Amino acid sequence: MSQWQERAAKVYMTTNKRVPLTIERGKGVWVWDDSGKKYLDFVGGWAVNTLGHSHPAMVKTLAAQSKKLIQTSNQFYTIPQVQLGELLVKNSCMDQVFFCNSGAEANEGAIKLARKYGKLKRNGAYEIISTEGSFHGRTLAAVAATGNPHYQENFLPMPSGFVHVPYNDIEAVMSATTDKTCAVLIEPVQGENGVIVPSKEYMRQLRKWCDEKGLLLIFDEVQTGIGRLGTLFGYEAFGVEPDVMSLAKGLGGGVPIGAFLAKKHAAVLTPGDHGTTFGGNPLACAVGCTVVDYVLKRKVLANAKKSGARLTKDLQKLQKKHAFITEVRGQGLLQAVQFKDDISGDVLTAAIKHGLLVNAPRPNTLRFIPPLVITTHEVDEGVKRLGKAIAEVAKAKGLK
Ligand SMILES: *Cc1c(COP(=O)(O)O)cnc(C)c1O
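Calculation rules
- Residues numbered from 1 in each chain as written.
- Predicted model: local features only at pLDDT ≥ 70, side-chain atom pairs only at ≥ 80, totals over all residues.
- Heavy atoms only, no water.
- Pairing = 2+ DSSP bridges.
- Helix = DSSP H or I, 4+ residues; strand = E, 2+ residues; numbered from the N terminus.
- Contact = heavy atoms within 4.5 Å.
- Axes fitted to C-alpha atoms, helices over the stretch in contact; angles between N-to-C directions.
- Near = heavy atom within 4 Å.
- Polar contact = N/O pair within 3.5 Å; in protein donor to acceptor, adjacent residues only side chain to side chain.
- Areas by Shrake-Rupley, 256 points an atom, 1.4 Å probe, with all protein chains shown as cover.
- Nonpolar A, V, L, I, M, F, W, Y, C, P; charged D, E, K, R; others polar.
- Buried < 20%, exposed > 50% of the residue type's maximum accessible area, 1.4 Å probe, protein only.
- Core = buried A, V, L, I, M, F, W, Y, C linked by side-chain atoms within 4.5 Å.
- Domains from an automatic or database assignment.
- Right-handed = clockwise from strand over helix to strand, strands pointing away.
- Expected span 1.5 Å × (residues − 1).

Caption draft 1: Focus on the sheet that holds strand 3 (residues 38-41). Strand order in the open sheet formed by four strands is 1-2-3-13, with mixed pairing between adjacent strands. In this open sheet, the two edge strands, each paired with only one partner strand, are strand 1 (23-27) and strand 13 (356-357). Judged from the three bridges that link them, strand 2 (residues 30-33) and strand 3 form a sheet pairing that is antiparallel. Considered in strand 3, the bridge of Trp-32 is made with Lys-38. Sheet contacts for helix 13 (residues 376-397): strand 2, strand 3 and strand 13; angle to strand 3, the most-contacted strand, approximately 110°.

As structure tokens, this is what we get:
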């Protein structure tokens, strides 16, 4: 254990199981620990480091904007907030935006918007249908929307008004819909649940059902937004437009920022309904502009597709070698492998030895969410290291 881990143990609330690794610096898709050891980063700050670590374009913007203006409150207008709002609206199907600081907060705002929509346009309907296995964040309403009792049980009672149905099952949404329903909230791909990709048909049917019933279709794009699936927004990969979407993770490339956006007919919030002190501050918005601009102008989406396809191919090769890899799944640079047994923690530990950082959302699943600028060569290198880690664990455990 390094001195930092010992010191942390004395002062941290241990809400996270942490890997015993202290990261000191990063560059591109690489990070270095406090002893100077180098790792290829397939975690990317949990799908946050869109352009990799300390990208020069981000560093330049952060330095320039911090000299100019960091925070003013939303009592005033600032130039970067308007610019980022325009950039997102121009490049999405949405008309209006609200900026906040995180994914949970973005969903919290979207939930409030949906409830007001129900009040105004659906005779006071307030229930939101979300899906089993979903993850929407850790604030109380976001946890209530999250379809995982494990995140809820210590904090009961949950705010009411949330109904959970199986994912990728349109019949379940239909039969859960009542006069009280105001919205359906889903992730275009369930990330924390181990990268579960729904069918295009499900998405199309959801859109149709929400149109028929006058429900808002809300996409939680906190993880899928800003290029993760190889399209700027996840909805584009499915050919379906939501009425509302939330963003966060990749939007600031590592600087905390979140947002929720709505189409005009759904943008029902008015003065006094919602607010934030830090949300949309000029520092975060300036770097958000830099990240989104870079993604759009520097072929980052094409790269995510290309490197994502390579990742699939490399992982499938690995699967051919090991029968205990039961599935390779995902899209773009949001991918996972599933094992027959609960060995993802062991593989994660072995991978660190081989200089690779991975994420284990489930005991039998590893998730890969590297920066979107990763090259095919770096993908090959990462999967090579992963292969070594898997072979080592297989040998130790006698897996075939
Ligand atoms: C990470 C995540 C969140 C929560 O975001 P925070 O910034 O941690 O609050 C919400 N929804 C999805 C889909 C996520 O992946």
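Here the narrative resumes, following the displayed structure.
Caption draft 2: Looking closely at the site of the ligand. Neighbouring residues of the ligand: 13 residues in total, closest Gly-103, Ala-104, Asp-220, Gln-223 and Lys-249. In this structure, Gln-223 approaches the ligand through a side-chain N or O atom, which is 2.7 Å from an oxygen atom. Between Lys-249 and the ligand, the recorded distance is 2.6 Å, taken from a side-chain N or O atom to an oxygen atom. For the ligand, whose free accessible area comes to 390 Å², the fraction covered by protein is 81%. If you tally residues by element for the shell around the ligand, the top one is helix 5 (residues 103-121), at three residues. When grouped by side-chain class, the residues that make up the shell around the ligand number three nonpolar, six polar and four charged.

Caption draft 3: Broad picture of unusual backbone geometry. Look at the link from Leu-156 to Pro-157: it is a cis peptide, with omega at 0°. Along the chain, Pro-157 falls in the loop between helix 6 (140-145) and strand 6 (162-165). The backbone of Ser-54 shows a phi angle near 45°, a positive value even though the residue is not glycine. For Ser-54, a relative accessible area of 53% gives the class exposed. Of note in this structure, Val-195 is not a glycine but carries a positive phi near 65°. Topologically, Val-195 is positioned in the loop between strand 7 (181-186) and helix 8 (200-213).

Caption draft 4: Local environment of the sheet that holds strand 12 (residues 334-339). Here four strands make up an open sheet; going across it, the order is 11-12-15-14 and the pairing antiparallel. Taken across any chain shown, the strands that pair with only one partner, and hence form the sheet edges, are strand 11 (325-331) and strand 14 (359-362). Across the sheet, the mean angle from the axis of one strand to that of its neighbour is 25°, orientation sign disregarded. With two bridges joining them, strand 14 and strand 15 (residues 365-368) adopt antiparallel strand pairing. Bridging from a neighbouring strand, Asn-359 pairs with Arg-367 of strand 15. Where helix 11 (residues 300-321) meets the sheet, it contacts strand 11, strand 12 and strand 15, and its direction lies at approximately 175° from that of strand 11.

Caption draft 5: Representation of the environment of Glu-132. For Glu-132, the location among the structural elements is in the loop between strand 5 (127-131) and helix 6. Owing to a relative accessible area of 41%, Glu-132 belongs among the partly exposed residues under this scheme. Along the chain, Glu-132 and Val-165 lie 33 residues apart, while their C-alpha atoms are 5.7 Å from each other. The contacts of Glu-132, once residues within four sequence positions are left out, are Gly-147, His-164, Val-165, Pro-166, Tyr-167 and Gln-190.

Caption draft 6: Representation of the nonpolar core. Judged by nonpolar contacts, the single largest core of 96 residues is most densely connected at Leu-84 and Leu-88. Composition of this core by domain shows at least three residues from each of domain 1 (3-55 + 300-397) and domain 2 (69-297). Residues Ala-144, Leu-185, Leu-216 and Ala-262 belong to the second largest nonpolar core, which totals 23 residues.

Caption draft 7: Quick peek at the pairing of strand 5. Counting buried positions along strand 5 yields five of five residues, so the element is predominantly enclosed. Burial along strand 5 is two-sided: Glu-127, Ile-129 and Thr-131 facing one way and Ile-128 and Ser-130 facing the other are all buried. With three bridges connecting them, strand 5 and strand 7 associate as parallel partners. Paired with Ile-129 across the bridge in strand 7 is Val-184. By the bridge criterion, four bridges tie strand 5 to strand 6 in an arrangement that is parallel. For Ile-128, the partnering residue across the bridge sits in strand 6 and is Phe-162. Each parallel crossover has a hand, and for strand 5 linked through helix 6 to strand 6 it is right-handed.

Caption draft 8: Region of the structure containing helix 5. Here helix 5 contains 19 residues, and its C-alpha end-to-end distance of 26 Å stays within 8% of the 27 Å for a straight helix at 1.5 Å per residue. Its side-chain oxygen 3.3 Å from the backbone nitrogen of Glu-105, Ser-102 forms the N-cap of helix 5. Where helix 5 ends, the next residue or the one after it, Asn-123, has phi of about 55°, a positive value.

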